Amino acid sequence: MIPVSLLVFVMAGWCAVYLADTLLRSSVTHRISYESWLASRGLMLSPFHLRWQTTMFNRLFAYCARINPRALYLWFNSGLMFGIVAMVGSVVLLIKTLQQTFAQMTTDNPRIGGQQALQVVVPGVNLPTSQLAYFFIALLLSGIIHELGHAVAALREQVRVNGFGMFVFVVYPGAFVDLFTTHLNLISPAQQLRIFCAGVWHNFVLCVAALAFLFLLPLFLFPMYSTGGGALVTEVVQGSAADGPRGLSVGDIVTGLEDCPVRGVEDWTSCLSHLSHTPQTGYCVPVASLQPSWAHGRAYKRLDGTMDCCSNNSLTDLCFSYIKPQGRHSREREYACMPVRKMVTGTRVCRSDDDCASHSHAASVCVTPSLENQTRFIRVTHPPNTHMLFVGYPPHLQYAVSLTNFIPRFGFLHLDLPVFLETFCKYVVSLSGALAVVNSVPCFALDGQWMLNALLEATLVTVVTDRQKRELIGFFLLLAGSALLAANVALGLWMVTAR
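In the annotation of an unreviewed UniProt entry, the chain is listed under the name Membrane-bound transcription factor site-2 protease and assigned to Stegastes partitus.

Caption draft 1: Examining the confidence of the model for the chain more closely. In this model, the chain carries an average pLDDT of 89, and 93% of its residues clear a pLDDT of 70 or more. When pLDDT is averaged over each element of the chain, helix α8 (residues 189-220) comes out on top at 97 and helix α10 (residues 292-295) at the bottom at 47.

Caption draft 2: Here's a closer look at the packing of aromatic side chains. Applying the stated criterion to the full structure yields 18 aromatic pairs. Aromatic side chains Y134 and Y427 sit 6.1 Å apart centroid to centroid with 5° between the ring planes, which places their arrangement in the stacked category. A residue pair is termed long-range when its members are at least 10 positions apart, and Y134 in helix α6 (residues 132-156) and Y427 in helix α14 (residues 416-440) qualify at 293 residues. One exposure class covers both Y134 and Y427, and it is buried. On the basis of an interplanar angle of 75° and a centroid distance of 6.2 Å, the ring pair of F135 and Y172 is categorised as edge-to-face. Of this pair, F135 sits in helix α6 while Y172 sits in strand β4 (residues 172-179); the two residues are 37 residues apart in sequence, bridging distant segments of the chain. For F135, a relative accessible area of 5% corresponds to the buried category. Each member of the aromatic cluster is reached from another via a ring pair, and the members are W75, F82, W201 and F204. Across the ring face of F180, the terminal group of R160 is positioned such that the distance to the ring centre comes to 4.1 Å.

Caption draft 3: Examining the environment of V419 more closely. In this structure, V419 sits in helix α14. The class of V419 is partly exposed, set by a relative accessible area of 21%. Remark: the alpha-carbon pair of V419 and T234, spanning 185 residues in sequence, is separated by 8.6 Å. The residues touching V419, leaving out its near neighbours within four places in the chain, are T234 and T404.

Caption draft 4: Region of the structure containing the layout of surface pockets. Its boundaries defined by the atoms lining it, the second largest pocket holds a volume of some 890 Å³. L403, V419, E422, T423 and K426 are, among the 30 residues lining the second largest pocket, the residues nearest its centre. Secondary-structure elements contributing two or more residues to the lining of the second largest pocket are α8, β6 (231-236), α9 (265-277), β19 (401-404) and α14. Here the lining of the second largest pocket takes 7 residues from α14, the largest share from any one element. Here the residues of the lining of the second largest pocket are counted per class, giving 12 nonpolar, 12 polar and 6 charged. Split by domain, the lining of the second largest pocket shows at least three residues from each of two domains, domain 2 (57-219 + 422-498) and domain 3 (225-279 + 375-408).

Caption draft 5: The arrangement of the UniProt feature "transmembrane region" (unreviewed entry) in the chain in detail. Under the local residue numbering, the UniProt record ascribes the feature "transmembrane region" (unreviewed entry) to residues 6-24, 72-95, 132-149, 161-180, 200-222 and 472-496. As annotated, residues 6-24 has a helix share of 100% and a strand share of 0%, and its two end C-alpha atoms lie 27 Å apart. Between the C-alpha atoms that bound residues 472-496 there is a distance of 36 Å. The span itself is 100% helix and 0% strand.

Caption draft 6: Just the state of the cysteines, in detail. Evaluation of the coordinates by the stated rule reveals 5 disulfides. Shown here is the disulfide that connects C284 with C356, its sulfur atoms set 2.1 Å apart. Because the sign of the S-S torsion sets the handedness, a value of about -90° for the bond joining C284 and C356 places this disulfide among the left-handed ones. One end of the pair, C284, is in strand β10 (residues 282-286); the other, C356, is in helix α12 (residues 353-357), and 72 residues separate them in sequence. This pair shows no difference in class: C284 is buried, exactly as C356 is.

Caption draft 7: Quick look at empty space enclosed by the protein. This model, assessed by the stated rule, comprises 1 cavity of 30 Å³ or more. Here the largest cavity is characterised by a volume of approximately 40 Å³. If you go around the largest cavity, the residues you meet are E258, L275, T278, P279, Q280, T281, R376, F377 and I378. Considering each element in turn, the lining of the largest cavity owes the most residues, 3 residues, to strand β17 (residues 376-381). By residue class, the composition of the lining of the largest cavity is 4 nonpolar, 3 polar and 2 charged.

Caption draft 8: Just the side chain of T281, in detail. Residue position: T281 is located in the loop between α9 and β10. Polar contacts involving the side chain of T281 include one to the side chain of E258, which spans 3.5 Å. Every residue in contact with T281, bar those within four places of it in the chain, is listed here: E258, C350, R351, T368 and P369.

Caption draft 9: Quick peek at the pattern of salt bridges. Enumeration over the complete set of coordinates arrives at 11 salt bridges. Of the charged contacts, one joins R263 and D267 as a salt bridge, the two residues approaching to 3.4 Å between their closest N and O atoms. R263 sits in the partly exposed class, given a relative accessible area of 48%. Given the relative accessible area of 18%, D267 is considered buried. We note a salt bridge from R470 to E457, for which the minimum N-O separation is 3.1 Å. One end of the pair, R470, is in helix α16 (residues 467-497); the other, E457, is in helix α15 (residues 447-459), with 13 residues separating them in the sequence. Of the residues examined, R470 reaches a relative accessible area of 5% and is grouped as buried. Residues participating in the shared-partner salt-bridge network are D21, R25, R31 and E35.

Caption draft 10: Spatial organisation of the domain arrangement of the chain. Along its sequence, the chain is organised into domain 1 (4-41), domain 2 (57-219 + 422-498), domain 3 (225-279 + 375-408) and domain 4 (281-370). Inter-centroid distance (C-alpha atoms) of domain 1 to domain 3 is 51 Å.

Caption draft 11: Representation of the nonpolar core within the structure. By size, the foremost hydrophobic cluster in this structure holds 35 residues, and its most contacted members are V159, L179, L193, I195 and M451. Taken together, the elements giving at least two residues each to this core come down to α3 (58-65), α4 (69-105), α6, β3 (161-169), β4, α8 and α15. Broken down by element, this core gets its largest block of residues, 7 residues, from α8. Setting aside residues no more than four positions away along its own chain, M451 makes contact with G83, M87, L193, F196, C197, V200, N439 and S440. Of all hydrophobic cores here, the second largest spans 21 residues; its members include A231, V233, V262 and L397.

Each value, and the rule that gives it
- Residues numbered from 1 in each chain as written.
- Predicted model: local features only at pLDDT ≥ 70, side-chain atom pairs only at ≥ 80, totals over all residues.
- Heavy atoms only, no water.
- pLDDT = per-residue confidence, 0-100.
- Helix = DSSP H or I, 4+ residues; strand = E, 2+ residues; numbered from the N terminus.
- Phe/Tyr/Trp six-rings, centres within 6.5 Å; stacked < 30°, edge-to-face > 60°.
- Buried < 20%, exposed > 50% of the residue type's maximum accessible area, 1.4 Å probe, protein only.
- Lys NZ or Arg CZ within 6 Å of the ring centre and 35° of its normal.
- Contact = heavy atoms within 4.5 Å.
- 1 Å grid on protein atoms, 1.4 Å probe; cavity = no way out; pocket = protein on both sides within 12 Å on 5 of 7 lines; lining within 4 Å.
- Points joined across faces, edges and corners; volume = space filled by probe spheres on them.
- Nonpolar A, V, L, I, M, F, W, Y, C, P; charged D, E, K, R; others polar.
- Domains from an automatic or database assignment.
- UniProt positions renumbered as here; feature names shortened; annotations may be inferred.
- Disulfide = S-S within 2.5 Å.
- Polar contact = N/O pair within 3.5 Å; in protein donor to acceptor, adjacent residues only side chain to side chain.
- Salt bridge = Lys/Arg side-chain N within 4 Å of Asp/Glu carboxyl O.
- Core = buried A, V, L, I, M, F, W, Y, C linked by side-chain atoms within 4.5 Å.

So this is what it looks like as structure tokens:
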């Protein structure tokens, strides 16, 4: 749920701003000076909307529009082709997302929801409040690059740029460029397409650039951070299964989960997934260590049919099962409640008694923790500390710990710098890619509207000679695209907030 304190803070802030604006506009002595101050700074204020516009960047845009005209021509022609492909692709993607949403609404399978390509993002619901700064900065950067593309393309096509601006709507930041409409209407449809497609083209380029930076981040940080030596713990959720004196701590390097080596976060995730879907591993224990004081536990069935032989209040003992050494041919299983840390420390993992016989000179037996279904016993290796022993559902361990691939080479380096760069790049990839997709949709008030109109004028002028008929075709296509986008947003919001 959205934190009430955040909601109250946002609403109170906007109410205070709007109240101050109303009082100053209604003041006889301050109204003229206040409105002059707003106009001189390019500020416009309305309920839950603050807008700022300036001409200070016009020279920069003009300079960019004059850099290597031939290269810019090829660049924006590539953007034109990308925009047309993106327009069709965005419609296909929205239809597919709508189908997935309907499928999720009619099933209880949680995996289907994770397969959606596009999801509505609501701060505080499916976006952690701790990552709001990443979200808003990446969103603003994506918007600025988008409008930069429009501005440079417009100036290259001899369309005047009246100004550039930024705005805040409720909490969402954005950017815009103000183009001279008369110039825009005088140029050819192909020139208009280059201008209208430039925004989504630059969002796509920014997405690819962020992906490349994310991929090459280990190379960029190589002098300061190493990778491949394990997964570094950056955060442990307080009170979770990984917390405690013998749990994980910030700065620990995890190198293994049972017999699965961990060289990075990807290995950590894949190892936990592997352990979740495979039978519980066992441990080679010398037969001599199965002392009668440990071994003779009275086993009883749990509700799910599995066996237990330890007291529910025991924090140090665990029920193990094994095949009786003298009755291996009958495959009769024995159960014993034994001190878990003493039994598994320094022992080899096994799947059967044969695994123990091939690696030990002394008579050994493969003992397996007897746990509830889907519960696993996992040894987490994080040298030089002793193993952390985890009993529970493997996904709980994954959610309890935050890790990174980057291990500082020097003690003064901050653990969170690579995490910040990784997280920010991922948000830029997601948001810039989403802006490229959404703005390509043939929908009223989006770039897709103008892209579609210019495309129809460029392609249908010889087939449908009547301009009104072309406009009517464009209207119905825009109506269908708007309905498709609205359905995705409405159902996406319902799925995120109501379920």
